[in-house]
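# Architecture and fold: a report
Okay, here's what each chain looks like letter by letter:
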Amino acid sequence: MTHQPADHVKGDLSLDEGGILQLRWPRGASISEADAQSAMDRVNEMCGSARRPMLVDMATTEKVSRGARAVFGRPCQASRIALLGSSPVDKVMANFALGVSRLPCPTRFFTSRTEAMAWLARDA
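Residues numbered from 1 in each chain as written. Predicted model: local features only at pLDDT ≥ 70, side-chain atom pairs only at ≥ 80, totals over all residues. Heavy atoms only, no water.

### Re the confidence of the model for the protein
Note the following rule: Residue-level confidence of the predictor is what pLDDT reports, using numbers from 0 through 100. A run of DSSP states H or I qualifies as a helix once it reaches four residues; a run of E qualifies as a strand once it reaches two. Both are numbered from the N-terminal end. Only heavy atoms enter the contact rule, under which two residues are in contact if any of them lie within 4.5 Å.
In the predicted model, the protein carries a mean pLDDT of 84, and 85% of its residues have values of at least 70. Mean pLDDT per element in the protein: helix α3 (residues 88-100) is the minimum at 68, and helix α4 (residues 113-121) is the maximum at 95. For the stretch residues 1-6, pLDDT sits under 50, and the model shows one contact to residues farther than four places along the chain or on other chains.

### Some remarks on the environment of Ala39
Tracing the chain through its elements places Ala39 in helix α1 (residues 33-47). On a C-alpha basis, the gap between Ala39 and Leu23 in space is 8.2 Å, while along the polypeptide they are 16 residues apart. Those residues in contact with Ala39 that lie beyond four places of it in its chain are Leu23 and Trp25.

### Some points on the sheet that holds strand β2 (residues 21-24)
What counts, and what does not: Between any two strands, at least two bridges found by DSSP are needed for them to pair. Axes here mean lines fitted to C-alpha atoms, for a helix over just the part in contact, with angles spanning 0 to 180 degrees between N-to-C directions.
Strand order across the open sheet formed by five strands is β1-β2-β4-β6-β7, with mixed pairing between neighbours. If you trace the sheet from one side to the other, it starts and ends with β1 (12-15) and β7 (107-110), each paired once. Between one strand axis and the next, the sheet turns through 20° on average, direction left out of account. Bridge count for strand β6 (residues 78-84) against β7 is four bridges, and the pairing is parallel. From the neighbouring strand, Leu84 faces β7, where its bridge partner is Phe110.

As structure tokens, this is what we get:
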């Protein structure tokens, strides 16, 4: 059994009635490589062999480490990912991740939850 450091950040992962995964990080989260790996492991476990669209609510995320960005760039069971943010800082963080990394599936940034969910529903 492995132990996570006391400051390990865990996102809340759920599967909605429409078949869309929803990952929400806690307010002010600084996401480390271990946090990202834990989240992706849970995504893969929840999906099994099925691929599902995923909404990542990053509106209150403070920082995403280089290691976390690398983990998010690896293939997982998400078929497409909508990054949901609310501020110019969120958009800068998302654009950095989208521009620097080769992403394994279609990924877009949204400030509207309704638009993000509509885009994801095309793949649900």
